[in-house]
Amino acid sequence: MQTIYETYSPEETAKIGRQLGKEALPGDVYTLIGDLGVGKTVLTQGIAAGLGITEPVNSPTFTIVQVYDSGRIPFYHFDVYRIGDIEEMDEIGYEDYVYGEGLSMIEWANLIEEILPEKRKDIVIEKDLEKGFDYRKITITSK
Ligand code: ADP
Ligand code: MG
């Protein structure tokens, strides 16, 4: 199933994130794809807020996964942009997170396609400058 949202401000994108965070169930996996500056962090901060997470959430710059435990369920925020080899995912305990009791969200998930669980939500954020600088199209495909 596919749902498409169109937003015209960061607040609207964050609101969609909050809704996703409220709906998330233990063991859910979201992937997040989109160019730099498109709003991945804005959406992620909304998701974290929807989970009830109180600490600040940014991109996990120096680690592949950042764990947040202050919400309704754990939140595992992955950024796999810098992985060199898929085996690095084993080393950080990827499967324990992804098949665990929290919500996993994986930025740049296309780089680890072969080890993604089949059941997941794929989230793609895109700009369309013809529709304005702040326009974003958010496509969510449930698999
Ligand atoms: P990414 O994490 O994908 O690199 P960020 O979330 O850090 O991107 O940044 C997105 C930028 O785009 C922010 O400066 C935000 O204010 C701006 N922005 C403008 N319009 C939107 C929108 N509709 N949705 C999300 N962000 C938007
Ligand atoms: Mg970011």
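A few points on the structure. (Residues numbered from 1 in each chain as written. Chains lettered and ligands numbered in written order. Predicted model: local features only at pLDDT ≥ 70, side-chain atom pairs only at ≥ 80, totals over all residues. Heavy atoms only, no water.)

1. Concerning the site of ligand 1
Okay, so step 1: If you check the shell around ligand 1, you find 15 residues, and the closest are Thr13, Gly37, Lys40, Thr41 and Asp134.
Okay, so step 2: Within the backbone of Gly39, an N or O atom sits 3.1 Å from an oxygen atom of ligand 1.
Okay, so step 3: Burial of ligand 1 by the surrounding chains reaches 75%, relative to a free accessible area of 570 Å².
Okay, so step 4: Counting residues per element, the ones that place at least two in the shell around ligand 1 are helix 1 (10-23) and helix 2 (40-50).
Okay, so step 5: Counting residues per element, the shell around ligand 1 draws most heavily on helix 2, which supplies 3 residues.
Okay, so step 6: Across the shell around ligand 1, the residue classes tally to 5 nonpolar, 6 polar and 4 charged. (Near = heavy atom within 4 Å. Polar contact = N/O pair within 3.5 Å; in protein donor to acceptor, adjacent residues only side chain to side chain. Areas by Shrake-Rupley, 256 points an atom, 1.4 Å probe, with all protein chains shown as cover. Helix = DSSP H or I, 4+ residues; strand = E, 2+ residues; numbered from the N terminus. Nonpolar A, V, L, I, M, F, W, Y, C, P; charged D, E, K, R; others polar.)

2. Let's talk about the pattern of salt bridges
Okay, so step 1: If you walk through the whole model with that rule in mind, you get 4 salt bridges.
Okay, so step 2: Notably, a salt bridge pairs Glu6 with Lys131, separated by 3.7 Å at the nearest N-O pair. Of this pair, Glu6 sits in strand 1 (residues 2-7) while Lys131 sits in the loop between strand 6 (121-127) and strand 7 (136-142), and the two are 125 residues apart along the sequence.
Okay, so step 3: The class for Glu6 is partly exposed, based on a relative accessible area of 40%.
Okay, so step 4: Note that Arg120 is salt-bridged to Asp122, the shortest N-O span being 2.8 Å.
Okay, so step 5: Through salt bridges with shared partners, a single network forms among Glu113, Arg120, Asp122 and Lys143. (Salt bridge = Lys/Arg side-chain N within 4 Å of Asp/Glu carboxyl O. Buried < 20%, exposed > 50% of the residue type's maximum accessible area, 1.4 Å probe, protein only.)

3. Topic: the packing of aromatic side chains
Okay, so step 1: Under the counting rule described, the total for this entry stands at 6 aromatic pairs.
Okay, so step 2: Each ring, one from Tyr81 and one from Trp108, has its centre 4.7 Å from the other, and the planes form 55°; the classification is tilted. Separated by 27 residues along the polypeptide, Tyr81 in the loop between strand 4 (75-79) and helix 3 (87-91) and Trp108 in the loop between strand 5 (103-107) and strand 6 bring together distant segments of the chain.
Okay, so step 3: Grouped by ring-pair contacts, the aromatic residues Tyr76, Phe78, Tyr94 and Tyr97 constitute a single cluster. (Phe/Tyr/Trp six-rings, centres within 6.5 Å; stacked < 30°, edge-to-face > 60°.)

4. Some points on the pairing of strand 6
Okay, so step 1: With 4 bridges connecting them, strand 2 (residues 29-33) and strand 6 associate as parallel partners. Its bridge partner being in strand 6, Tyr30 is matched across the sheet by Lys121.
Okay, so step 2: Alignment of strand 6 against strand 7, held across 7 bridges, turns out to be antiparallel. Bridge pairing in strand 7 places Ile123 opposite Ile140. (Pairing = 2+ DSSP bridges.)

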